[in-house]
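# Fold and contact review
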Amino acid sequence: MRERIVPSLLIGQAAVFAVLLMHLLGWLQPLDLLAYDNGLKLRARPAVDDRIVLVGAREADLAALGWPLSDGQLADLLKALSAAKPAAIGVDIYRNWPIGDGQGELERVLRENPDIVWVNRQPSEAGGAIAAPSVLATPDRIGFSDILVDPDGVVRRSLLFLEDPSGQHATALSMVMALRLLGHRGIVPQSDPEEPEHMRLGAATLRPVEATDGGYAGVDARGYAGVDARGYQFLLDYALGPGPIRNFSVREALEGRIPAEALAGRLVFVAVTADSVKDYFRTPVDSGFAFGAVVHAQATGQLLRMALGEATPTANLPDWAELAVTVAVGLAGSLLALAMHGPLAFALLLAGGTALLTGLWFAALAQALWVPLAAPLGAWALALGLVTAFLSRRERADREALMNLFSSHVPGPVAKELWERRHLFMDGGRPRPQRLTATVLFSDVANFTPISEKMEPEELDAWLHDYMGAMVPVIQDHGGLPLRFVGDAILSVFGVPVPRETEEEIDRDAGNAVCAALAMADVLARLNEGWARQGLPPAGIRVGIYTGPMVAGSIGAPGHMEYSLTGDAVNTAARLEALAKTVGTDVPGRPCRILVGDPTWERLRGAFRGSAVGEVPLKGKDRKVGVHVILGEAGAEVPDAEVPDSGEPDADVLRLTAPPAPAPLTSGPSSTDGAGPITGSRKKGATG
C-alpha cells in the first residue's frame, strides 16, 4: 500500500505546486475575476439608495441645449438644484476653462453655494491633469474623478486618496460627497485604534487593497504585481445591483419638474449620461456599461453604508492562508483519489468537490470574504485527475501481472474475484509472499511411458490435449488452481491465492480437492470409452493430496513471473502421488487411485469413505506419514476392494477395468453454510 500512497501524495503535491505557480504568475487571475463578478451578481439585492440622486445630461438634453454645456447653462442648473437644499452637489463635468457666456455667473453661484463640489483629474499615464474651476479654493470642494480599471476593463475597485505630484493628498469625489453627508452625523476619517495605518470611517475600518488580494495576482500591463495598488483603495461590492440611484434629466431640473423633496438633504451628482460622450465603464453587475457618475455614486453609497454599519468592507485572507487552502484542497483530492478511483469515482468526486468548493467560496463571498477560487479548484481537479490516472495505470499493470500469473489457471469469474480481492495478496504488482494453509493435489497418468510409446507423436499430442482439456476444468470447477503441467502431471492447489481466514474454510478446501479427484476419475472413465472406440489405449491416474502450511508467492525474472508454492506440504503431495504406484486400493470401475495424508483426512470430517494404509515412509521425510485411500463419498456404495493393512506394496500398476455408465459432474450441494461438515459431492464452485 505504501507503494501507492507515497507516489500518489507526491503526484498530488506536484499538481498543487504547478497550480500555485500559475496562480502566482497571474495565469489564473482572469478565472478568479470572472468568478468574482458572477458571485457579485448572485449576491446583489437590487435596491435604490434614497440618499443619492443623479441628474444627467441625456442625449435629448444635449440635442436641445448643445454640447458642451456653457458656463451660463451650468450656473442655471446649479441654482435650480441648490434651491431644493441638497446635502451636496457633485459636478462630474470637467471645466478648466470658460465655455460660452456666463463665466461670471457660474463663479458667483459657486462662491455662494459651499455645498457644490467639482471634479478634477489627476495626472496619469492616460493623460495630464485637469483642474477644477479656480474659484473652488478649498480641498473639501474638489474631488478627483479618476476611476480604476482592471486589466480586463472592469471596475472592481475605487480610490479614496491619492498623492498628487506636489506631495499633497487628493481625495476622490465619492469620498468628498460621502463626508458631506456623514459630517452632519459627526463621522469623519480617523486612524483605526488597533491598526493606525488604516482608516476608520464610522463603523468600518477600511483596509487598503493590496496587489495580491483575493483573485488578484501576477503582473499587470504596467509592471505592477497583481494590480496597481497605489493610493488608498477599497473593493466595490455592488450590493444594490446595477442601478441603485434615482435619476432625472438636466431639462427636468432646469424646468423645475424635479420635486424638491426628491433632492432635499440628499447627495446630488450632476453628469453627462449621453452615450455619445462615452463616459462609461464596465462593472461586474451591469449587463452593458455604467456611466462614470453611476460608478462614483456606487462608491459613495457603499461608503455611506459601511460607515453607518449597514455593510461590511470586503476582506481577504493573508497570502499564506490562501496558499494553505490550495495545498489542503490538493491533499484532500489526492487522498480521496487513493480511496476512490476509477472513471465513475473520478467523475463523481470532480463534480461533487467542485460543487462543494464553489458553494463554500460563495458562502464566504456572501459574508464579504473574497478568496481565490481558481487555484483551489485547479488543485482539486489536477491532483484528483493525476492521482487517478496514476492509480489506474498502476492497476492496469497490476491486473496485467495478475492475469499473467493466474488467467491461464482459473476461469473468468474466479479471475474477476481475484482482482476484486487483490488487496489481500497483491503488493507492488506481484503477489506478496505469505504463509498460508492450503491443500495440494498432485495427479499423474499411470504407466504413461508405455502408453506414449504405442502412439505416433500427433496421436500422443491429441491424446494429451484431450486429457488436459478435460481435467483442468474439473479442477477449476471445484475451486482449485492448476499451477504446473509437467508432461502428464498436474500440480493443483486449493486455498490460494487469497488466504483462508478460518478453519472451516481450510476444511472446505480439503473436501473440494477430494471431490475434484473423484470427479477427475469419472471424467477419465468417459475419456477411456472414447479412446477405446478410436483404438487408443485407456489411462489411469494416481492422485496425492496433502494439506499443510506453505509459502505462496511469485518467482522468476521481470517479464516472466510465475506463481509458486514452497513447503513440505507441496513435496508431500508429490510423494503421495508417487506412492500410489505401489500402495493403494483398486476400486472396480474407477481408473483412479487417491491417497491423502492424515492432515487432509482429519479435515474431511467423515464426508468420504476411505481406508487407512498406515504410517508410510516417504522420500525426504524423517517421519512416517499417515496415509488413507479414498474409496468414495460417504454413503455411496463402493464395490468391495482389497485394502492392504500395512505399508507393503500390493500392486505396481492400476488395474483398468471396463468403466461403468458415465457419472454426472455435479450432484447436490457441495457444502453447508457456516461451520457444518463438508459433503462429498463434486459440484462446480464448491469452494471456500
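Reference entry: report on the structure contained in this document. These numbers come from a predicted model, not from an experiment.

### Things to note about helix H10 (residues 343–366)
Between its first and last C-alpha atoms H10 spans 34 Å; for 24 residues at 1.5 Å apiece the expected length is 34 Å, and the two agree. Along H10, the residues classified as buried are Ala345, Leu349, Gly353, Leu357, Trp361, Ala364 and Leu365. The first or second residue beyond H10 is Ala368, which carries a positive phi of 65°.

### Some remarks on the nonpolar core
Counting residues in each nonpolar core, the largest one holds 97 residues, and the members touching the most others are Leu78, Leu81, Trp118 and Leu303. When residues in this core are grouped by element, the largest group, nine residues, is from helix H8 (residues 292–307). In contact with Leu81, other than residues within four places in its own chain, are Val55, Pro86, Ile89, Ala253, Leu263, Val268 and Val270. In terms of nonpolar packing, the next biggest core, distinct from the first, is built from 42 residues, Ile451, Ala470, Leu518 and Ile630 among them.

### Considerations on the sheet that holds strand E4 (residues 142–144)
Taken together, the six strands give an open sheet; going across it, the order is E4-E3-E2-E12-E1-E11, and neighbouring strands pair in parallel fashion. A strand with exactly one partner marks an edge of an open sheet, and here the two such strands are E4 and strand E11 (246–249). Neighbour-to-neighbour, the strand axes of this sheet turn through a mean angle of 25°, independent of strand direction. Judged from the three bridges that link them, strand E2 (residues 88–92) and strand E3 (residues 116–120) form a sheet pairing that is parallel. Bridged to Gly90 within E3 is Val117.

### Here we look at a nonpolar patch on the surface
A surface patch of nonpolar side chains, amounting to about 470 Å² of accessible area, comprises Phe17, Leu21, Leu25 and Trp27. In this structure, Phe17 sits in helix H1 (residues 2–24). A relative accessible area of 57% means that Phe17 is categorised as exposed.

### Describing the environment of Asn528
As for its placement among the helices and strands, Asn528 is situated in helix H15 (residues 503–533). Asn528 sits in the buried class, given a relative accessible area of 10%. Each residue touching Asn528, except ones within four places of it in the same chain, is listed here: Pro538, Ala539 and Pro591.

### Section: unusual backbone geometry
The linkage connecting Trp67 with the following residue, Pro68, adopts the cis geometry, with an omega of 0°. Of note in this structure, Lys85 is not a glycine but carries a positive phi near 60°. With a relative accessible area of 65%, Lys85 lands in the exposed category. The backbone of Tyr238 shows a phi angle near 50°, a positive value even though the residue is not glycine.

### Observations concerning empty space enclosed by the protein
Under the counting rule described, the total for this entry stands at four cavities of 30 Å³ or more. Counted as a void, the largest cavity has a volume near 90 Å³. Looking at the lining of the largest cavity, the elements with two or more residues in it are strand E5 (157–163), helix H6 (173–182) and H8. Residue composition of the lining of the largest cavity, grouped by class: eight nonpolar, four polar and two charged.

### Observations regarding helix H9 (residues 319–339)
Within an α-helix, residues lying three or four positions from one another point in the same direction, as the helix has 3.6 residues per turn. For H9, which comprises 21 residues, the first-to-last C-alpha distance of 31 Å matches the rise-based estimate of 30 Å (1.5 Å per residue) to within 8%. Turning to H9, its buried residues number three or more, namely Ala321, Glu322, Thr326, Val329, Gly330, Gly333, Ser334, Ala337 and Leu338.

Quick notes on the rules
- Residues numbered from 1 in each chain as written.
- Predicted model: local features only at pLDDT ≥ 70, side-chain atom pairs only at ≥ 80, totals over all residues.
- Heavy atoms only, no water.
- Helix = DSSP H or I, 4+ residues; strand = E, 2+ residues; numbered from the N terminus.
- Expected span 1.5 Å × (residues − 1).
- Buried < 20%, exposed > 50% of the residue type's maximum accessible area, 1.4 Å probe, protein only.
- Core = buried A, V, L, I, M, F, W, Y, C linked by side-chain atoms within 4.5 Å.
- Contact = heavy atoms within 4.5 Å.
- Pairing = 2+ DSSP bridges.
- Axes fitted to C-alpha atoms, helices over the stretch in contact; angles between N-to-C directions.
- Patch = residues over 30% accessible without salt bridge, like charges linked within 9 Å, V, L, I, M, F, W, Y side chains within 5 Å.
- Areas by Shrake-Rupley, 256 points an atom, 1.4 Å probe, with all protein chains shown as cover.
- Salt bridge = Lys/Arg side-chain N within 4 Å of Asp/Glu carboxyl O.
- 1 Å grid on protein atoms, 1.4 Å probe; cavity = no way out; pocket = protein on both sides within 12 Å on 5 of 7 lines; lining within 4 Å.
- Points joined across faces, edges and corners; volume = space filled by probe spheres on them.
- Nonpolar A, V, L, I, M, F, W, Y, C, P; charged D, E, K, R; others polar.

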